[in-house]
Amino acid sequence: MEKKLQTCLASIREKTDFKPEVALILGSGLGDYADGIQIETTVDYTEIEGFPVSTVTGHKGRFVFGYVGDVPVVIMQGRVHYYEGYPMSDVVLPTRLMGLLGAKKLLLTNAAGGINENFRPGDFMMLTDHIATGVPSPLIGPNLDDLGPRFPDMSEVYSHRIQDVIRNAASECEIDLKEGVYVQLTGPNYETPAEVRMCKIWGGDAVGMSTACEAMAARHMGMEIGGISCITNLAAGISKEKLDHKEVQETADRVSKDFKRLVTKIIETI
Ligand code: 6GU
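- In the nomenclature of an unreviewed UniProt entry, the protein chain is known as Purine nucleoside phosphorylase of Sellimonas catena.
- Under the heading Pathway (unreviewed entry), UniProt records this for the protein chain: "Purine metabolism; purine nucleoside salvage."
- For the record of the protein chain, the UniProt heading Catalytic activity (unreviewed entry) holds the text "a purine 2'-deoxy-D-ribonucleoside + phosphate = a purine nucleobase + 2-deoxy-alpha-D-ribose 1-phosphate".

The structure is reproduced here in structure tokens:
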């Protein structure tokens, strides 16, 4: 196993022997969710030797271990992004760690810009697939043979079974769930209108700066994945409004109650 991964794993195992079944990554503005679960223990990222720590405000940095219903979970409250300057291997290290801690299932969440004309700010979009060609693959470099194969299949990154779980959860929560393809670009700048048109032609429905790389790393090691985007704003050119990170936070806050209900229902039935 990669040295850094091994060190981080050992560092966490010194603090807790908690074995999660489900891993959850919380996106921008959605971090509050972790405060509301039955917390067993938390580990700040700064306590983990060699662990990448986020610089963006609005991102707390810790693992929360606990229970959603009866389900043992590990939650990343705050993630690092590629645009912060970390190598991709560091960006996906936390995801891999959660897999190594025992989580076989991963629920990815993020804030994203809407490309699909039928989307409105505040909508939730379940990821049916992604386009990750805008960022380097996190699997570039020597293959971590103990995690997965050199040339991993990506034909079902977002598990059809978990997609059904998410649809049913949304239906039970009476949430009008959208579905679509997530495009990851590097950021930190938002896209130009021409870039957004390109994403649309590619087949994208939402655009963001995280998630697809994490999904690739998780799929590489055989985790079963689900993904939800909170459409916090419309992408450039789709709306006439200028883009502002404040809107991302405000929309995420506005829908946080529905987000909590939805995620809880998903985890309880996953
Ligand atoms: Cl419009 N673009 C990207 N890349 N990320 C976002 C976004 C847009 N809105 C929220 N996150």
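### Observations regarding the UniProt feature "binding site: a purine D-ribonucleoside" (unreviewed entry) in the protein chain
- UniProt records the feature "binding site: a purine D-ribonucleoside" (unreviewed entry) for Glu191 and Asn233 in the present numbering. Across 43 residues, the annotated set stays spatially compact, with a maximum C-alpha separation of 12.6 Å. Looking only at the residues we just named, the largest pocket is lined by Glu191 and Asn233.
- Assignment of secondary structure puts glutamate 191 in the loop between β7 (178-184) and α5 (193-202).
- In this view, glutamate 191 contacts Leu185, Val196, Val207 and Ala236; residues no more than four positions away in its chain are not counted.
- Considering the arrangement of structural elements, one finds asparagine 233 in strand β9 (residues 224-234).
- Classification of asparagine 233 as buried rests on a relative accessible area of 4%.
- Setting aside anything within four residues of it in sequence, one finds asparagine 233 in contact with Ala112, Gly113, Gly114, Pro121, Leu243, Glu247 and Val248.

### A closer look at the nonpolar core
- In terms of nonpolar packing, the biggest core is built from 41 residues, with Phe51, Phe63, Phe65, Leu97, Met98, Leu106 and Ile225 touching the most fellow members.
- If near-sequence neighbours (up to four positions away) are discounted, leucine 106 is found in contact with Ala23, Ile25, Thr95, Met98, Ala218, Met223, Glu224, Ile225 and Gly226.
- In this structure, Leu26, Leu107, Cys173 and Ile267 belong to the second largest nonpolar core, which totals 33 residues.

### Observations regarding helix α7 (residues 245-254)
- Considered for burial, the residues of α7 that qualify are Val248, Thr251 and Ala252. Taken down its axis, α7 places every buried residue within 100° of arc, on the same side. Away from its buried face, by an angle of more than 90 degrees, α7 presents the exposed residues Lys246, Glu250 and Arg254.
- Where α7 begins, the side chain of aspartate 244 points an oxygen toward the backbone nitrogen of lysine 246, at a separation of 2.9 Å.

Rules and cut-offs
Residues numbered from 1 in each chain as written. Predicted model: local features only at pLDDT ≥ 70, side-chain atom pairs only at ≥ 80, totals over all residues. Heavy atoms only, no water. UniProt positions renumbered as here; feature names shortened; annotations may be inferred. 1 Å grid on protein atoms, 1.4 Å probe; cavity = no way out; pocket = protein on both sides within 12 Å on 5 of 7 lines; lining within 4 Å. Helix = DSSP H or I, 4+ residues; strand = E, 2+ residues; numbered from the N terminus. Contact = heavy atoms within 4.5 Å. Buried < 20%, exposed > 50% of the residue type's maximum accessible area, 1.4 Å probe, protein only. Core = buried A, V, L, I, M, F, W, Y, C linked by side-chain atoms within 4.5 Å. Arc of directions from axis to C-beta. Polar contact = N/O pair within 3.5 Å; in protein donor to acceptor, adjacent residues only side chain to side chain.

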